[in-house]
Amino acid sequence: MSDDRTKAMLFKHPEYIPVGVGLLPAAWMKYRGSLDELVRRHPIVFGEQTGERDYDAMAKGTYVSGEHVDDWGCVWSNIRDGMEAMVTGHPVSTRADVRRLRPPAEIRDGFEHGFMYLRLADLRGFEELMIDFAEEPPELRMLIDIVLEHNMRKLEKLLANREPPGIVHFGDDLGMQNSLPMSPDKWREYLKPCFARIYGRCREAGFWVYMHSDGHMHEIIPDLVECGVNVINPQFRANGLENLVRVCRGKVCVNLDLDRQMFPFAAPGQIDAHVREAVEALGSPEGGLWLSAECGPDVPLENIEAIATALEKYRGYYR
């Protein structure tokens, strides 16, 4: 598929910026019917709603309190229903363990969040992985290769069961609050080839690539575009609007994750101004901008309403 056709499909929207809001299970469990009423008032943002919800059963998988063990043997611990767990048990805690590691025998459908970089950290533990990147033992390359080859097997299964064109979605949190966890050069040496191989295979098969990443990672967004990313889903606060304008505008379609760190504390008017600022900075009549937001139980109902209202108001800004 030509780059021109890709740009035509992903950069242009005829009239409206695509918008959406994700609500964590814990928000549903807290606000219950009041949130349902709010959602039904904004079908453009939340979609048409049908049926009834069991608010106490909204949490699934690792969003349920307790401990969970995934296919790789990582232990996830959760102390609150409706919020995501974190990995507390790392099955490859020593370099000797890397040499004994075997990937899961079952090839599941789709890609879990944290399929590449975060999988390395979940297996080794963050501090041990950072020491590996600093000291560069042979086990680091071995670990990366094991995870990458498993991902390639998953990808081939996915591609065999889908017809192009379409979008393949990936999520891997590459950044921290204020920086990458390693230097951009170190990321390019060890991790960029992994993403290039995975995303390049998607593009070769006629699919577009959507990538979500939490954290500060604007320095490597051009690299991800080189790897084949068509739509990038970065966080506003961690990257800064000016940085995102510089590396993204006119170069890659952005699904901007609006500033979830301000939502619990902002006044509705501040939320309106925030959404407008993002639209004016990253949007254009030619397109290339989507807007999304995520709300947990710490966001007041009036602010969830303000987010939905602002998205409805500014999605037609470039009509």
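About the criteria used
- Residues numbered from 1 in each chain as written.
- Predicted model: local features only at pLDDT ≥ 70, side-chain atom pairs only at ≥ 80, totals over all residues.
- Heavy atoms only, no water.
- Pairing = 2+ DSSP bridges.
- Helix = DSSP H or I, 4+ residues; strand = E, 2+ residues; numbered from the N terminus.
- Axes fitted to C-alpha atoms, helices over the stretch in contact; angles between N-to-C directions.
- Buried < 20%, exposed > 50% of the residue type's maximum accessible area, 1.4 Å probe, protein only.
- Lys, Arg positive; Asp, Glu negative; His and termini not counted.
- Salt bridge = Lys/Arg side-chain N within 4 Å of Asp/Glu carboxyl O.
- Polar contact = N/O pair within 3.5 Å; in protein donor to acceptor, adjacent residues only side chain to side chain.
- Contact = heavy atoms within 4.5 Å.
- Expected span 1.5 Å × (residues − 1).
- Arc of directions from axis to C-beta.

**Q** Would you explain the sheet that holds strand E4 (residues 86-89) in this entry?
**A** Sheet strands pair by backbone hydrogen bonding; their relative direction is either parallel or antiparallel. Reading across from one edge, E2-E3-E4 is the order of the three strands in this open sheet, with antiparallel pairing throughout. With one partner strand each, in any of the chains shown, strand E2 (66-69) and E4 form the two edges of the open sheet. Averaged over all pairs of adjacent strands, the angle between their axes in this sheet comes to 40°, without regard to strand direction.

**Q** Teacher, can you tell me more about the side chain of Asp173 here?
**A** Its place among the elements puts Asp173 in the loop between strand E5 (167-171) and helix H9 (184-190). An unpaired buried charge is present at Asp173: no salt bridge exists, and Arg260, the closest side chain of opposite charge, is 7.5 Å distant. A polar atom in the side chain of Asp173 sits 3.0 Å from the side chain of His113. There is a polar contact of 3.2 Å between the side chain of Asp173 and the side chain of His212. Beyond its immediate chain neighbours, meaning those up to four positions away, Asp173 contacts His113, Tyr117, Leu118, His212, Ser213 and Asp214.

**Q** Even after reading the chapter, I still don't get helix H10 (residues 192-204), so can you show me in this structure?
**A** For an α-helix the count is 3.6 residues per turn, leaving residues at separations of three or four pointing the same way. Under the 1.5 Å per step criterion, the end-to-end length of H10 is 17 Å for 13 residues, consistent within 8% with the ideal 18 Å. Among all positions in H10, only Lys192, Cys194, Phe195, Ile198, Tyr199 and Cys202 are buried. One face of H10 carries all of its buried residues, which in axial projection span an arc of 160°. Where H10 is buried, its residues meet helix H8 (138-160), E5, H9, strand E6 (208-212) and helix H11 (221-227). Following H10 by one or two positions, Gly206 adopts a phi angle in the positive range, close to 95°.

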